[in-house]
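A closer look at the structure
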Amino acid sequence: MPIQDTDKKLEEFTDTIIAEAIEEAHNITLELKRKQDALIKDAENSIAAEAERYKTSTIAEISAAEERRISAKRNADKHALLEYRESCAVDIYKRVQNKIHDFTATDAYLLHLKKLLKEAIESLGYGISVIVYLRAEDMRFDKELICCVTGVSIAISQGDFSLGGLRVVCPSKGQRIDMSFDTALNDMVGHFSELAGLKMGL
């Protein structure tokens, strides 16, 4: 009988040890799963952070490259527009220059010079002395221009311009009226970009 009791106690002891071992193994398994889940989560977070850093870095690189491309294109377009504007200005200058050259070869040109001189004198006033500057080719009109206006003393001198027209200077008043074609044409070309709507926004 006592032997049977011992076997029963031994069996209960063994069952208890096995149950404890199973529970401990279960707890260890749960702990390992928690650690595994934590490691997986950390790895996923690390991968996500790395992916975000890569995405941010890649986007920044692409953005910088695109900005450089756009900037280069913008500069190229501005340069092309400047060249086009200069080309137009030169073309217009030549066309107007040719028209002026043709006009100064006509009989109407002397009448135009007389008209310009009268307008200048009316602006400056009478009873004064003036110097009228003409281009070299127009010095032959000196006497006719002097005779076309009364009430002023006129001296004719050669000017430093070449297209035509005249400049009138009144030393006593310190005034000068520039009616030369050269100045008018240069002013027109100077304002060409605004007149043509090609003013640069640089």
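Residues numbered from 1 in each chain as written. Predicted model: local features only at pLDDT ≥ 70, side-chain atom pairs only at ≥ 80, totals over all residues. Heavy atoms only, no water.

Per the stated rule, a full pass over the model turns up eight salt bridges. Glu-50 is paired through a salt bridge with Arg-53; the nearest N and O atoms lie 2.5 Å apart. Linking Glu-50 with Arg-53, this pair stays in helix 1 (residues 2-104), spanning three residues, or about one helical turn. With its nearest N and O atoms 3.1 Å apart, the salt bridge here joins Arg-95 to Asp-91. A residue pair is termed a helical-turn pair when its members lie 3 or 4 positions apart in one helix, as Arg-95 and Asp-91 do in helix 1 at four residues. Its relative accessible area of 53% is what places Arg-95 among the exposed residues. Look at the salt bridges and you will find they share partners, linking Asp-160, Arg-167, Arg-176 and Asp-178 into a network. (Salt bridge = Lys/Arg side-chain N within 4 Å of Asp/Glu carboxyl O. Helix = DSSP H or I, 4+ residues; strand = E, 2+ residues; numbered from the N terminus. Buried < 20%, exposed > 50% of the residue type's maximum accessible area, 1.4 Å probe, protein only.)

A separate point is the nonpolar core. Leu-117, Val-130, Val-132, Ile-154, Leu-166 and Val-168 are the most contacted members of the largest nonpolar core, which has 28 residues in total. When contributions to this core are tallied by element, the ones reaching two or more residues are helix 2 (108-124), strand 1 (129-134), strand 2 (153-158), strand 3 (165-170), strand 4 (175-180) and helix 4 (181-190). With eight residues, the top contributor of residues to this core is helix 2. (Core = buried A, V, L, I, M, F, W, Y, C linked by side-chain atoms within 4.5 Å.)

Moving on to the sheet that holds strand 3. The sheet built from four strands is open, its strands ordered 2-1-3-4 with mixed pairing. Bordering the open sheet on either side are strand 2 and strand 4, each of which pairs with just one other strand. Between one strand and the next, the sheet's axes are offset by a mean angle of 20 degrees, whatever the strand orientation. Sheet topology note: the strand 3/strand 4 ladder contains six bridges and is antiparallel. Following the sheet pairing, Cys-170 is matched in strand 4 by Gln-175. This element, helix 2, spans strand 1, strand 2, strand 3 and strand 4 of the sheet and lies at about 25 degrees to strand 3. Sheet contacts for helix 4: strand 3 and strand 4; angle to strand 4, the most-contacted strand, approximately 80 degrees. (Pairing = 2+ DSSP bridges. Axes fitted to C-alpha atoms, helices over the stretch in contact; angles between N-to-C directions. Contact = heavy atoms within 4.5 Å.)

A few words now on helix 4. All buried positions along helix 4 are accounted for by Phe-181, Asp-182 and Leu-185. All buried residues of helix 4 fall inside an arc of 100 degrees around its axis, so they share one side. (Arc of directions from axis to C-beta.)

A few words on the packing of aromatic side chains. Applying the stated criterion across every chain, the model contains four aromatic pairs. With centroids separated by 5.8 Å and ring planes inclined at 80 degrees, the aromatic side chains of Phe-103 and Tyr-109 adopt a geometry described as edge-to-face. We classify Tyr-109 as buried; its relative accessible area is 0%. One aromatic cluster is present, built from ring pairs that chain together Phe-103, Tyr-109, Phe-141 and Phe-181. (Phe/Tyr/Trp six-rings, centres within 6.5 Å; stacked < 30°, edge-to-face > 60°.)

Across the six residues of strand 3, six count as buried, placing the element largely inside the fold. In strand 3, alternate side chains face the same way, and those of Gly-165, Arg-167 and Val-169 on one face and Leu-166, Val-168 and Cys-170 on the other are all buried. Alignment of strand 1 against strand 3, held across three bridges, turns out to be antiparallel. The residue of strand 3 that forms the bridge with Val-132 is Val-168.

Structurally, Ser-180 is set in strand 4. Overall, Ser-180 belongs to the buried group, its relative accessible area being 3%. Engagement of the side chain of Ser-180 in a polar contact is seen with the side chain of Asp-178, the distance being 2.7 Å. (Polar contact = N/O pair within 3.5 Å; in protein donor to acceptor, adjacent residues only side chain to side chain.)

Along the chain, Asp-138 turns up in the loop between strand 1 and helix 3 (142-147). Remark: the alpha-carbon pair of Asp-138 and Gln-158, spanning 20 residues in sequence, is separated by 8.6 Å. Setting aside anything within four residues of it in sequence, one finds Asp-138 in contact with Tyr-109, Leu-113, Gly-164 and Gly-165. For Asp-138, the side chain forms a polar contact with the side chain of Tyr-109, separated by 2.4 Å.

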